[in-house]
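# Structural overview for review
Spelled out, the chains give:
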Amino acid sequence: MNFTPPDFFPAILEMLTLGMTCLVMLVYLFLDQKNRGITYFLTQITLLGTAVVAISLHGSPEVITFDGSFILNSQAILLKIFILLSVSFVLMYSRTYIRENDILHGEFYLLVLFSVLGMEVLVSAYSFLTLYLGLEIFSLPLYALIALKGNKPVCQEAAIKYFIMGAIASGFLLYGISLIYGACQSFNIHEIISMMSLSIHTEPLLLTLGLVFMSAGALFKLGIAPFHMWVPDVYEGSPNAMTLLIATAPKLAGFALLTHILVEALPVLFPQWQYLLIAVALLSMAVGNIIAIVQDNIKRMLAYSSIANMGYMLLGLIAGTPRGYGAALFYMIIYVVMSLGAFGVITMLSRKGFELEKVDDFKGLNTRNPWLAFMMLLILFSMAGVPPSAGFFAKVGVLEALVKVNIVWLPAVALVFAIIGAYYYLRVVKVMYFDEPLEKTPVILESFDTQLAISINGLAVFFLGLFPTTLIELCQQAFLA
Amino acid sequence: MIEKLIFYVFAALLIGSATMVIVSRQSVRAAFFLIVAFCASAVLWMLLSAEFLALLLIFVYVGAVMTLFMFVVMMLNLDQESLQEKFVRYLPFAVLLVALMVGVLVYAMKPGHLGELGLAISPHPSADYSNTKALGLLLYTHYVYAFELAAVILLIAIVAAIGLTHREKSRNKRQRIDAQLAATKADRLQILQLEAEK
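### Remarks on the overall build of chain B
- A count of helical and extended segments in chain B gives 9 helices and 0 strands.
- When its helices and strands are written in sequence order, chain B yields α-α-α-α-α-α-α-α-α.
- Counting contacts in chain B only where the partners sit at least 6 residues apart, residues at least 24 apart contribute 61% of the total.
- On chain B, roughly 15,800 Å² of surface is accessible, and the fraction owed to carbon and sulfur atoms is 69%.

### Comments concerning the interface of chain A and chain B
- The interface of chain A with chain B comprises 41 residues on the first partner and 35 residues on the second.
- Each partner contributes to the roughly 3,400 Å² buried at the junction of chain A and chain B, and carbon and sulfur atoms together form 78% of this total.
- If you look at where chain A meets chain B, you find 0 salt bridges.
- Linking chain A with chain B are 1 residue pair in polar contact (both at pLDDT 80 or more).
- Take the side of chain A that touches chain B: its biggest share by element is 9 residues, from helix α5 (residues 128-147) of chain A.
- The residue makeup of the side of chain A that touches chain B, split by class, is 27 nonpolar, 6 polar and 8 charged.

### A few points about the nonpolar core
- Among the nonpolar cores identified, the biggest contains 201 residues, and A:F108, A:L315, A:L317 and A:F362 are the most heavily contacted of them.
- Setting aside chain neighbours within four positions, we find A:L315 in contact with A:A281, A:M285, A:V398, A:L399, A:L402, A:L410 and A:A414.
- Judged by nonpolar contacts, the second largest core, of 9 residues, contains B:I35, B:F38, B:A54 and B:M70.

### Examining the packing of aromatic side chains
Residue and element names in this part refer to chain A.
- Summed over the entire model, instances satisfying the criterion amount to 28 aromatic pairs over all chains.
- A ring pair is formed by Y143 and F163, whose centres lie 5.3 Å apart and whose planes are at 80°; its orientation type is edge-to-face. Of this pair, Y143 sits in helix α5 while F163 sits in helix α6 (residues 153-184); the two residues are 20 residues apart in sequence, bridging distant segments of the chain.
- Using a relative accessible area of 8% as the deciding quantity, one classes Y143 as buried.
- The exposure class of F163 is partly exposed, given its relative accessible area of 40%.
- Three or more aromatic residues joined by ring pairs make a cluster, and in this case those are F172, Y175, F213, F220 and F227.
- When the ring centre of Y312 is taken as reference, the NZ or CZ atom of K395 above it lies at 4.9 Å.

### Re the environment of A:T65
Residue and element names in this part refer to chain A.
- The topology assignment puts T65 in strand β1 (residues 63-65).
- We classify T65 as buried; its relative accessible area is 4%.
- Residues T65 and I38 lie 27 residues apart in sequence; the distance between their C-alpha atoms is 35 Å.

### Digging into the pattern of salt bridges
All names here are of chain A.
- Counted according to the given criterion, the structure contains 11 salt bridges over all chains.
- The salt bridge involving K299 is made with E357; its shortest N-O contact spans 3.7 Å. Here the residue K299 occupies a position in helix α13 (residues 298-319), and E357 occupies one in the loop between α14 (322-349) and α15 (365-368), the gap between them amounting to 58 residues.
- Residues joined in a network through salt bridges with shared partners are E157, K161, D233, E236 and R300.

### Some thoughts on a nonpolar patch on the surface
All names here are of chain B.
- Judged by side-chain polarity, W45, M46, L48, F52, L53, L55, L56, I58, F59, V60, Y61 and V65 come together as a nonpolar surface patch covering roughly 1,000 Å² of accessible area.
- Looking at the nonpolar patch, the elements with two or more residues in it are α2 (27-47) and α3 (51-75).
- Sorting elements by how many residues they give to the nonpolar patch places α3 first, with 9 residues.
- Position of Y61 relative to the elements: it lies in helix α3.

### Thoughts on the domain arrangement of chain B
- Along its sequence, chain B is organised into domain 1 (1-78) and domain 2 (130-165).
- Measuring from the centre of the C-alpha atoms in domain 1 of chain B to the corresponding centre in domain 2 of chain B gives 23 Å.

Cut-offs and rules
- Residues numbered from 1 in each chain as written.
- Chains lettered and ligands numbered in written order.
- Predicted model: local features only at pLDDT ≥ 70, side-chain atom pairs only at ≥ 80, totals over all residues.
- Heavy atoms only, no water.
- Helix = DSSP H or I, 4+ residues; strand = E, 2+ residues; numbered from the N terminus.
- Contact = heavy atoms within 4.5 Å.
- Areas by Shrake-Rupley, 256 points an atom, 1.4 Å probe, with all protein chains shown as cover.
- Buried area = accessible area lost by both parts, 1.4 Å probe.
- Salt bridge = Lys/Arg side-chain N within 4 Å of Asp/Glu carboxyl O.
- Polar contact = N/O pair within 3.5 Å; in protein donor to acceptor, adjacent residues only side chain to side chain.
- Nonpolar A, V, L, I, M, F, W, Y, C, P; charged D, E, K, R; others polar.
- Core = buried A, V, L, I, M, F, W, Y, C linked by side-chain atoms within 4.5 Å.
- Buried < 20%, exposed > 50% of the residue type's maximum accessible area, 1.4 Å probe, protein only.
- Phe/Tyr/Trp six-rings, centres within 6.5 Å; stacked < 30°, edge-to-face > 60°.
- Lys NZ or Arg CZ within 6 Å of the ring centre and 35° of its normal.
- Patch = residues over 30% accessible without salt bridge, like charges linked within 9 Å, V, L, I, M, F, W, Y side chains within 5 Å.
- Domains from an automatic or database assignment.

Take a look at the structure:
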């Protein structure tokens, strides 16, 4: 049997991440308690270094390697850059939290790095086998991370819930993969596409069934109604730093999972999955926006807001044009930036023995720390879609893509839900600026990098709203090639 | 002929024991039926001349995983009553869903709908053909990337398991200043009203 070694270079980001993760693991083992900051810095170097390499790779032509199971194109690179950067911000926000709450910091950073590796693998997957492996590599550390805070029954309940729901989602996905394998005799996305173009006239019933199962798995992972029941419970039960993590980068990975299945592997079944997505998008927007109104717990409220936002993201995919896909990607990136900021503020305001959870805990934040309140204001305005914030352009993008393909009723319904949704975001703004604080002590952020990170994050939301063109074009190009 | 007979016997055994896994009342018994199911499917794989996988299933799953699983099941003190109460409550809903699923699947998996190559396997390889060697060649060349990723999953499992069970800190006898400062009179002091002795 002749064997030519595959081209390893396209997988340089994954190899870098894995190599550095192993290095962090070894260094952590030989560190004593005093020098534990080193683990944090090594982790940040890994994330930012890999992100720099990813940026330098951007613009290179599409490569497929490892016998067609790995793809590196502009879409994958763009997603990887944002995954790496967002996890780096997550670590900056949660550093103090991890130290104060006695969470085993070495294991925390290691599991985060492993999760990042899984997301990278998933984003670059070009066969269902690597797709599934990437999904497991990125999910398994997350389950463990939630339970890492030990003695809290709430956290363990959230971890078990997330684990079981994740296992069910994996089961759905695998069953779908097996059905599609039965119809096409291949895991490879490239071979599946060529197989389908050959047998377009045969009845695609088995494929449709596989499609339903696979997209159910992906929708589960993204927390889209009717597979959303775990989202509020897990967000609420997890320690704040873990909520921050699971609410941001995994959404980008989930987006990659959904687009790999629908847009890349099964574009032939577009008429089938368009109806499917219309139904779940409507349900998501309705459930998310309406139930969020009655939430007193800010983590639950943001969880329902994430369900609604995922619904808006789907609108871009429903359009079924490269423009729509690009708009959905842009929406996803902006959502992750916003949710990074919102959960980041929540994590920063939590102290030892005090988990910020209630909307009322934000009372009078303006008098306690005006700059932090202002950053939160920018982020919440953007989530509510107030122009000229980034969230506004993200919503306009997906709605416009739908109007372009002559679907007008769906954007109209989406707008109504967006107006309902504005209420609960603005309620937090009102609480921050016009209510008397519960405690008068000013909030002081100890570390400089945390302050810098939240400032960059809040201002990014603002400036991406003023100058959105570059990022929108990058997202559009990702689907044009 | 004899192969067909073996197939039907063990396929029936597999389905029967798999059903018993979910309907049996005791979890230990369910685990035993799972072992039977594994053995039956190992025989089916043997019929497909996949000896390596068949033996692996017996060695790894029956020999190692299920033994461990039995330990865990025996150590857990499961409350059977409350489990069964919910089982009965959700039964009609579950039966309806399963019937719907089976109906759709049976309709979708009509032979014509499967791809043309679906049922074609090379039944009789030559005498010097080694299943293990063929698998190894494929695994370390064609699927090398996936193989490495599977290894990473094992590494994650080790790190996660250690992280979750290693709770040295909470057992340490060190001073917890925050807990001391947060303590109130009600936590430490209990005032009992004792009846006066007569």
